[in-house]
Amino acid sequence: MEDNDQSFAAETLDPALQKKHHDMLERLSARHQARKSDSPDASSSSSSSTLESTSSFLAKFSDSKRSIESRIAESRLVSSSTDSSKLKSDLAEISVAINNLEKLLAENSYFLPSYEVRSSLKIVSDLKQSLDILSGELVPKKKFSFKSKSTTKKPESKLPEIQKSDAVLPPKLLPVRDSPGLRNKHGVTLVKSFKGSSIGEFTLSDLDSCQVKLTGTVNALFLHRLKKCNVYTGPVIGSILIDDVEDCVLVLASHQIRIHCARKSDFYLRVRSRPIIEDSNGVRFAPYCLDYQGIDEDLKTAGLEEETKNWANVDDFRWLRAVHSPNWSVLPEEERVSLVTISSEGDS
């Protein structure tokens, strides 16, 4: 079976990508051993930490990939002696494993080199395609035939849908957090200060044609279903998750920013890691442009006092080609808004 597994892996994965990952792991291992033999200073210690994180991810990703490839190959080999319900269960479990691999990549993408993100995305896409092909081979659709109208149709069990990264997919709804927030408003100005507050998470959801001005810091911020809104926020210590926004202007600062299902919106960002977009189009990016009394102190508290220029280094998780994604662009300077100032009364 081992020979068959290797043969199947060679057929489903790009040999160039396989070699690239193998070489990368060897380079990372060699560099790590070299650093361990030296006496590193503060800067080399930081580089070594990043290197270890990347090496750890690549090792875990590679182990999961090989396990999935082996399960796909095994399912193909034993399909003739496996009953239909067991086969469908196995394929469903493989689908979950691939989704978990994709989640692992998303959660670690903020420190990975961009070429590793793209290469890993390609591997996930190939695995999904291999499973989709296997599902079609082992559980073929019934042929069409004319039947009497009186014939009673029995419901057919279906395999879980295997999504393709290159396909046009319906928006995937993300859960709305049950946290303090501002919800279900139309055409109003909403002002909130987190100074002296113990709020850890904050949510903006179901807002239409609103102006939102948030000052101070929170640990996490969630934005859901915003339309024609202008949102200006102080720095977020952890991460920002955005889902389903349209015709919005968002001025945000955070360590991690993930944008899902955004359309025709402008993002003014200060972010420590590379922003991530999914299922989005017509989005533009520019540097953070907010000012209010005490913002310098808030930026320092959040560890965002330095401008990394990552606002222009966007990763599109639905775009796997080597050329620039058509779904996002840098906002031309002549079209950018000037510095937005929020006074103590909330006016800008």
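Conventions we followed
- Residues numbered from 1 in each chain as written.
- Predicted model: local features only at pLDDT ≥ 70, side-chain atom pairs only at ≥ 80, totals over all residues.
- Heavy atoms only, no water.
- Helix = DSSP H or I, 4+ residues; strand = E, 2+ residues; numbered from the N terminus.
- Buried < 20%, exposed > 50% of the residue type's maximum accessible area, 1.4 Å probe, protein only.
- Contact = heavy atoms within 4.5 Å.
- Areas by Shrake-Rupley, 256 points an atom, 1.4 Å probe, with all protein chains shown as cover.
- Core = buried A, V, L, I, M, F, W, Y, C linked by side-chain atoms within 4.5 Å.
- Phe/Tyr/Trp six-rings, centres within 6.5 Å; stacked < 30°, edge-to-face > 60°.
- Salt bridge = Lys/Arg side-chain N within 4 Å of Asp/Glu carboxyl O.
- Pairing = 2+ DSSP bridges.
- pLDDT = per-residue confidence, 0-100.

Here we take up the overall build of the chain. Broken down by element type, the chain carries six helices and 14 strands. By residue count, 42% of the 348 residues in the chain fall in the buried class. Contacts spanning at least 24 positions in sequence make up 48% of the contacts within the chain whose residues lie at least 6 apart. Working note: accessible area of the chain is about 19000 Å², and carbon and sulfur atoms make up 48% of it.

Moving on, we get to the nonpolar core. Counting 34 residues, the largest nonpolar core has Leu204, Leu226, Phe267 and Phe285 as its most contacted members. By size, the runner-up hydrophobic cluster in this structure holds 25 residues, among which are Leu112, Val117, Val124 and Phe317.

Taken as a whole, this structure holds four aromatic pairs when the rule is applied. Aromatic side chains Phe57 and Phe61 sit 5.5 Å apart centroid to centroid with 40 degrees between the ring planes, which places their arrangement in the tilted category. Linking Phe57 with Phe61, this pair stays in helix H3 (residues 42-78), spanning four residues, or about one helical turn. Each of the two residues, Phe57 as well as Phe61, counts as buried. For the pair Phe267 and Phe285, a centre-to-centre distance of 5.4 Å together with 20 degrees between the ring planes defines the contact as stacked. Pair noted here: Phe267 is in strand E8 (residues 266-271) and Phe285 is in strand E10 (residues 283-287), with a separation of 18 residues, a long-range link.

Where charged atoms from two side chains of opposite charge come close, those side chains can pair. Inspection of every chain in the model, using the stated rule, returns 15 salt bridges. Notably, a salt bridge pairs Arg318 with Asp279, separated by 3.1 Å at the nearest N-O pair. In this pair, Arg318 is assigned in the loop between strand E12 (315-316) and strand E13 (328-330) and Asp279 in the loop between strand E9 (276-278) and E10, connecting sequence segments 39 residues apart. Residue Asp279 is classed as partly exposed on the basis of its relative accessible area, which comes to 22%. If you follow the salt bridges from partner to partner, you end up with Asp244, Glu246 and Arg263 in one network.

Let's shift gears to the side chain of Thr233. With respect to the helices, strands and loops of the structure, Thr233 is situated in strand E6 (residues 230-246). Residue class for Thr233 comes out buried when judged on its relative accessible area of 2%. Ignoring any residue separated from it by four or fewer positions in sequence, one finds Thr233 in contact with Leu214, Leu221, Val251, Leu252, Ala253, Tyr288 and Leu290.

Quick look at unusual backbone geometry now. What you tend to see is this: most non-glycine residues have negative phi, and most peptide bonds are trans. Even without a glycine there, the phi angle at Arg225 is positive, about 55 degrees. Along the chain, Arg225 turns up in strand E5 (residues 218-227). Although it is not a glycine, Asp247 sits at a positive phi angle of roughly 55 degrees. With respect to the secondary-structure elements, Asp247 resides in the loop between E6 and strand E7 (249-263).

Moving on, we get to the pairing of E10. Of the pairings in the sheet, the one linking E8 to E10 comprises four bridges and is parallel in character. Among the inter-strand pairings, Tyr268 is bridged to a residue of E10, identified as Ala286. Pairing of E10 with E13, which is carried by three bridges, proceeds in the parallel orientation. Paired with Val283 across the two strands is Trp328, which belongs to E13.

Moving on, we come to the environment of Gln211. Its location among the elements puts Gln211 in strand E4 (residues 211-215). A relative accessible area of 28% places Gln211 in the partly exposed class. Distance in space between the C-alpha atoms of Gln211 and Leu190 is 6.0 Å, their sequence separation being 21 residues.

Attention shifts here to the confidence of the model for the chain. Confidence in the prediction of the chain, expressed as mean pLDDT, is 77, and 70% of residues score 70 or more. Across residues 1-13, confidence stays below pLDDT 50; counting only partners more than four residues off in sequence or on other chains, it has 20 contacts. Within the model, pLDDT remains below 50 along residues 35-47, and this stretch shows six contacts once partners closer than five positions in the same chain are excluded.

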